[in-house]
Amino acid sequence: MAAGPQWLCSTLLFVVFVSADQKIITAESGQDVTLTCRAPNNNIRFVDLRRAELEDGFVLRYEIGELVQHIQHPYFENRVDLQNRQMKDGDVFLILKDVTINDTGTYECGVFMRETHSWKLSVIYLVVIPPDPMIITAESGQDVTLTCRAPNNNIKVVDWIRADLGDKYVLLYQDGQFVPDHQHPYFKNRVDLQDRQMKDGDVSLILKDVTINDAGRYVCCVLMEETWRWRSISIIYLTVVVPPDETITAKCRQDVTLTCRAPNNNITAVKWSRADLEDEYVLLYQDNNFTSANQHPSFYNRVDLQDRQMKDGDVSLILKDVTTDDTGTYACRVFMREAYFMDTIRHLDVLPPGLQRGFIGVIVAVLLLVTIVGFLIYRKHKLSRYLKEVPTENIQAPQSPQQDCVRGQTDVNYPEHPADGH
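For clarity, every value in this text was computed on a predicted model and none was experimentally measured. (Residues numbered from 1 in each chain as written. Predicted model: local features only at pLDDT ≥ 70, side-chain atom pairs only at ≥ 80, totals over all residues. Heavy atoms only, no water.)

Looking at the overall build of the protein
Consideration 1: For the protein, the count of helices and strands is 3 helices and 28 strands.
Consideration 2: Residues classed as buried in the protein amount to 36% of the 422 residues present. (Helix = DSSP H or I, 4+ residues; strand = E, 2+ residues; numbered from the N terminus. Buried < 20%, exposed > 50% of the residue type's maximum accessible area, 1.4 Å probe, protein only.)

Structure below.
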């Protein structure tokens, strides 16, 4: 690792001294942490590091120049060491590697001095901050990659889980193959690793053809070969947005329904907003009550949920007596009990009254034009047939015009043509 990133990571640790023998150390998940104990000199016989929450087993025991491993707690095997075993000037630096939130706790460091046969005790409070959750937003129907990277590819098991699935998992990959047992049926044939060789520790998950039912909190866990312990690498909140349907067109003074549906009715809040309203909203329904504190005045007493019980996740909005001022892009945001949210976008276009009359007029004009054109074509067709049937000087008359033109009407008398000029 380059010097620059090392310096940056080191600045993320800070120490607050509570008293001479007590201190608080704060670290981020994945860092190596130094727990410092100080003795008057280096005439040290024993060093014990314990954690108050552990009933049995040491974090580390150092006795007469050697680490005592058979009494070490399994959780800390291959994860703790002394930075300098000579302990020059009585400085005892204990290195705790690759910390996680499970390492948060109270540590007691005891140093036993040779000349005084007494213990020097230091108390250290370690607080490990979990990794920042990542928020990924995708449209329904897309393939999504949830990123996760382990320190290296010495990985025994990869486990992707979602908080609301109970004992079912999203994906389990062990010893170079997928384990289908206990996988949630919803994810069968829809998930894969981005790189099954897990090069450079890449254990990112590919989730195919997402829907709003895929929204939730995903956790990436790996079991590392060198430590044989689970490590939580990534926490990702996936939000799935339903792409907008075709624009909804309405006439003035109509009531309009803007549809929105959540995966289930485990809903804590519903917020309908419009892009141009800034901090004000169209409707906010929370804890079975409407909240009007920051509602835009134009929507007072004009909006409601189609189903306040939100059966089957239905949180559609009813907008009453619309006008052209209601034209815009509406967003439906649903907050679920599983600590995630989903968005649906709807476009509404309200036609002004003048445009409606003009539109009807255009339709009438088109129909009238079609009628006139049809009538003219019909007349032209009839005239053409008539001209073909009437003999002229250049066209020889048929031998028996009565038989061709008036079949079945032999009793009809045809008058003679009048003389020219009469």
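The structure having been displayed, the exposition proceeds.
Let's talk about the environment of Leu-317
Consideration 1: Inspection of the secondary structure assignment puts Leu-317 in strand β26 (residues 317-319).
Consideration 2: Note on Leu-317: relative accessible area 0%, which makes it buried.
Consideration 3: For the pair formed by Leu-317 and Val-256, sequence separation is 61 residues and the distance between their alpha carbons is 8.2 Å.
Consideration 4: If we skip the residues at most four places from it in the chain, Leu-317 touches Val-256, Thr-257, Leu-258, Trp-272, Val-282, Leu-283, Val-303 and Asp-304. (Contact = heavy atoms within 4.5 Å.)

Some remarks on the confidence of the model for the protein
Consideration 1: For the protein, mean pLDDT is 76; residues scoring 70 or higher make up 75% of the total.
Consideration 2: Note on residues 356-360: pLDDT under 50 across the span, and 3 contacts to partners over four residues away in sequence or across chains.
Consideration 3: In the predicted structure, residues 382-422 sits below a pLDDT of 50 and forms 6 contacts with residues beyond four places in sequence or in another chain. (pLDDT = per-residue confidence, 0-100.)

Quick look at the state of the cysteines
Consideration 1: Under the defined criterion, the tally for this structure stands at 3 disulfides.
Consideration 2: Put simply, Cys-37 and Cys-109 are joined by a disulfide, and their sulfur atoms are 1.7 Å apart. The sign of the S-S torsion, about 135 degrees, decides the handedness of the disulfide formed by Cys-37 and Cys-109: right-handed. One end of the pair, Cys-37, is in strand β3 (residues 33-38); the other, Cys-109, is in strand β9 (residues 105-113), with 72 residues separating them in the sequence.
Consideration 3: Accessibility expressed as a relative area gives 1% for Cys-37, which makes it buried.
Consideration 4: Classification of Cys-109 as buried rests on a relative accessible area of 0%.
Consideration 5: Put simply, Cys-260 and Cys-332 are joined by a disulfide, and their sulfur atoms are 2.2 Å apart. An S-S torsion of about -80 degrees defines the bridge between Cys-260 and Cys-332 as left-handed. Taken together, the residues Cys-260 in the loop between β21 (256-258) and β22 (267-274) and Cys-332 in strand β27 (residues 328-336) connect sequence positions 72 residues apart. Each of the two residues, Cys-260 as well as Cys-332, counts as buried. (Disulfide = S-S within 2.5 Å.)

A short note on the packing of aromatic side chains
Consideration 1: The full count for this structure, using the stated rule, is 4 aromatic pairs.
Consideration 2: Ring geometry for Tyr-186 and Phe-187: centres 5.4 Å apart, planes at 80 degrees, overall edge-to-face.
Consideration 3: The ring of Tyr-75 has Arg-79 lying over it, and the distance from NZ or CZ to the ring centre is 5.0 Å.
Consideration 4: Over the ring of Tyr-186 we find Arg-190, and its NZ or CZ is 4.7 Å from the ring centre. (Phe/Tyr/Trp six-rings, centres within 6.5 Å; stacked < 30°, edge-to-face > 60°. Lys NZ or Arg CZ within 6 Å of the ring centre and 35° of its normal.)

Examining a nonpolar patch on the surface
Consideration 1: Where nonpolar side chains cluster on the molecular surface, the patch consists of Ile-24, Tyr-125, Val-127 and Ile-129 and spans about 280 Å² of accessible area.
Consideration 2: Among the elements that make up the nonpolar patch, the one with the highest residue count is strand β10 (residues 118-129) (3 residues). (Patch = residues over 30% accessible without salt bridge, like charges linked within 9 Å, V, L, I, M, F, W, Y side chains within 5 Å. Areas by Shrake-Rupley, 256 points an atom, 1.4 Å probe, with all protein chains shown as cover. Salt bridge = Lys/Arg side-chain N within 4 Å of Asp/Glu carboxyl O.)

Observations concerning the nonpolar core
Consideration 1: Core analysis: the biggest nonpolar cluster contains 31 residues, and Val-158 and Trp-160 have the highest contact counts within it.
Consideration 2: Counting residues per element, the ones that place at least two in this core are β11 (134-139), β12 (144-146), β13 (155-162), β14 (171-174), β16 (191-193), β17 (205-207), β18 (216-224) and β19 (230-242).
Consideration 3: Counting residues in each nonpolar core, the second largest holds 27 residues, with Met-310, Val-322, Cys-332 and Val-334 among its members. (Core = buried A, V, L, I, M, F, W, Y, C linked by side-chain atoms within 4.5 Å.)

Regarding the pattern of salt bridges
Consideration 1: Following the criterion strictly, the structure yields 10 salt bridges and no others.
Consideration 2: A salt bridge links Asp-276 to Arg-274; its shortest N-O distance comes to 2.7 Å.
Consideration 3: With relative accessibility at 8%, the residue Arg-274 sits in the buried group.

Focus: the sheet that holds β26
Consideration 1: If you walk across this open sheet you meet the 3 strands as β21-β26-β25, and the pairing is antiparallel. Two strands bound the open sheet, and with one partner strand each, they are β21 and β25 (303-305). The sheet shows a mean angle of 25 degrees between the axes of neighbouring strands, direction not considered.
Consideration 2: Note: β25 against β26, 3 bridges, orientation antiparallel. By the bridge assignment, Val-303 is partnered in β26 with Leu-319. (Pairing = 2+ DSSP bridges. Axes fitted to C-alpha atoms, helices over the stretch in contact; angles between N-to-C directions.)

Topic: the sheet that holds strand β8 (residues 91-96)
Consideration 1: With antiparallel pairing, the 3 strands of this open sheet are ordered in space as β3-β8-β7. Strands with a single pairing partner mark the edges of an open sheet, and in this sheet they are β3 and β7 (80-82). The mean angle between the axes of side-by-side strands here comes to 25 degrees, regardless of whether they run parallel or antiparallel.
Consideration 2: Sheet analysis places β7 next to β8, joined by 3 bridges and oriented antiparallel. Across the sheet, the residue bridging to Val-80 is Leu-96, located in β8.

Observations concerning the environment of Arg-261
Consideration 1: Along the polypeptide, Arg-261 turns up in the loop between β21 and β22.
Consideration 2: You can call Arg-261 partly exposed: its relative accessible area is 44%.
Consideration 3: Separated by 49 residues in sequence, Arg-261 and Met-310 place their C-alpha atoms 8.8 Å apart.
Consideration 4: Here the side chain of Arg-261 touches Asp-312 through a polar contact of 3.0 Å, landing on its backbone oxygen. (Polar contact = N/O pair within 3.5 Å; in protein donor to acceptor, adjacent residues only side chain to side chain.)

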